[in-house]
Amino acid sequence: MTTTPPAAAGGTGQAVAGQQSATVLVVEDEPAIATAIAQRLSAEGWRVEVARDGLSGVDAASRLQPDVVVLDVMLPGIDGLEVTRRIQADRPVPILMLTARDDETDMLVGLGVGADDYMTKPFSMRELVARVKALLRRVERATQVAVATPSEPPIVMGDVTIDRAQRRVHRSGEEVHLTPTEFELLVMLASSPKTVLTRERLLAEVWDWADASGTRTVDSHIKALRRKLGADLIRTVHGVGYAFEPPAG
Ligand code: CA
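As the structure is a prediction and not an experimental result, all values here were calculated from the model.

Re the nonpolar core
Membership of the largest hydrophobic core comes to 28 residues, with the highest contact counts inside it found for Ile-162, Val-169, Leu-185, Leu-186, Leu-189 and Leu-202. Elements supplying a minimum of two residues to this core: β6 (155–157), β7 (160–163), α6 (180–190), α7 (199–207), α8 (215–229) and β12 (241–244). Of all the elements, α6 adds the most residues to this core, at seven residues. Not counting chain neighbours up to four residues away, the residues in contact with Leu-189 comprise Leu-197, Leu-202, Ile-222, Ile-234, Tyr-242, Ala-243 and Phe-244.

A closer look at the side chain of Arg-171
By the secondary structure assignment, Arg-171 is in strand β8 (residues 168–171). Residue contacts for Arg-171: discarding those within four places in its chain leaves Asp-159, Val-160, Val-176, Leu-229, Gly-230, Asp-232, Leu-233 and Pro-247.

Overview of the sheet that holds β8
Taken together, four strands build an open sheet; the order of strands is β6-β7-β8-β9 and the sheet is antiparallel. Each edge of the sheet is formed by a strand with only one pairing partner; in this case those strands are β6 and β9 (174–176). Across this sheet, the average inter-strand angle for adjacent strands is 20 degrees, counted without regard to direction. Across three bridges, β8 lies against β9 in antiparallel orientation. If you follow His-170 over to β9, its bridge partner there is Glu-175. Relative to β7, α6 is tilted by about 115 degrees, and along the sheet it contacts β6, β7 and β8.

Focus: the coordination of the calcium ion
Coordination of the calcium ion by the protein involves Asp-29 (OD), Asp-72 (OD) and Met-74 (O), with metal-donor separations of 2.1 to 2.3 Å. Look at where the donors of the calcium ion fall in the sequence and you get D-x42-D-x1-M. Note that Asp-29 is positioned in the loop between β1 (23–27) and α1 (31–42) and Met-74 in the loop between β3 (68–72) and α3 (80–90), a separation of 45 residues in sequence. Using a relative accessible area of 56% as the deciding quantity, one classes Met-74 as exposed.

Quick word on the pattern of salt bridges
Scanning all chains against the criterion turns up 22 salt bridges. Lys-194 is the partner of Glu-245 in a salt bridge, and the nearest nitrogen-oxygen pair spans 3.2 Å. One end of the pair, Glu-245, is in the segment after β12; the other, Lys-194, is in the loop between α6 and β10 (197–198), and 51 residues separate them in sequence. Judged by its relative accessible area of 17%, Glu-245 is buried. Owing to a relative accessible area of 56%, Lys-194 belongs among the exposed residues under this scheme. Across the pair Arg-235 and Glu-245 runs a salt bridge, and its minimum N-O distance is 2.8 Å.

Criteria and thresholds
Residues numbered from 1 in each chain as written. Predicted model: local features only at pLDDT ≥ 70, side-chain atom pairs only at ≥ 80, totals over all residues. Heavy atoms only, no water. Core = buried A, V, L, I, M, F, W, Y, C linked by side-chain atoms within 4.5 Å. Buried < 20%, exposed > 50% of the residue type's maximum accessible area, 1.4 Å probe, protein only. Helix = DSSP H or I, 4+ residues; strand = E, 2+ residues; numbered from the N terminus. Contact = heavy atoms within 4.5 Å. Pairing = 2+ DSSP bridges. Axes fitted to C-alpha atoms, helices over the stretch in contact; angles between N-to-C directions. Donors = N, O, S within 2.8 Å, 3.2 Å for Na, K, Ca; no water. Salt bridge = Lys/Arg side-chain N within 4 Å of Asp/Glu carboxyl O.

Dropping the structure here:
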């Protein structure tokens, strides 16, 4: 793990705790799984709170202002999709969603639910910890970039404008709302137009996650980007990766 200094507090709109003092909210209704996750994450030195249903999860997110949320999709009451919508409407926070099957992950990303990463059950606790750490690093990095480069010029290609300082995207004059992960993925691709980036490289750069088991997460987020921005912008190179194709217009 790389050492990163705690982000400066205040002035960025979202205070971000350093890895050591991070707060993780776990929303999971199965007691054995919830307890196992909470114990493992607590062992990392993080403050961990468990909510056992969707509404409690939304309340806890509002009260705790967690740095990361680990969210089971199948919950009593309101499900993980609705929990994500309500949490993100209140305040953007990285969400790692736990799903039952790989095709469920694809379906959720296709819907543009807004989670930043997905893990299919069953998973190893080692993998869970690695992914939570990666999300925490990304939040810190995004905050630092925003502070360090407030006047970074926008990327303009055809009718697509990517404003890195404001973290906003427009196509044909219409604003396109992306999740933080989708935004970083788009910037990565658009920074090297017509260049094929492998799924492994995208995973390492955008998710800070080096294990190839996560490449499905890349594919799923590419689907979401195409659905929101238009399928013509990102070319699939089968068996290799993806390339950004600048629009003509
Ligand atoms: Ca469940």
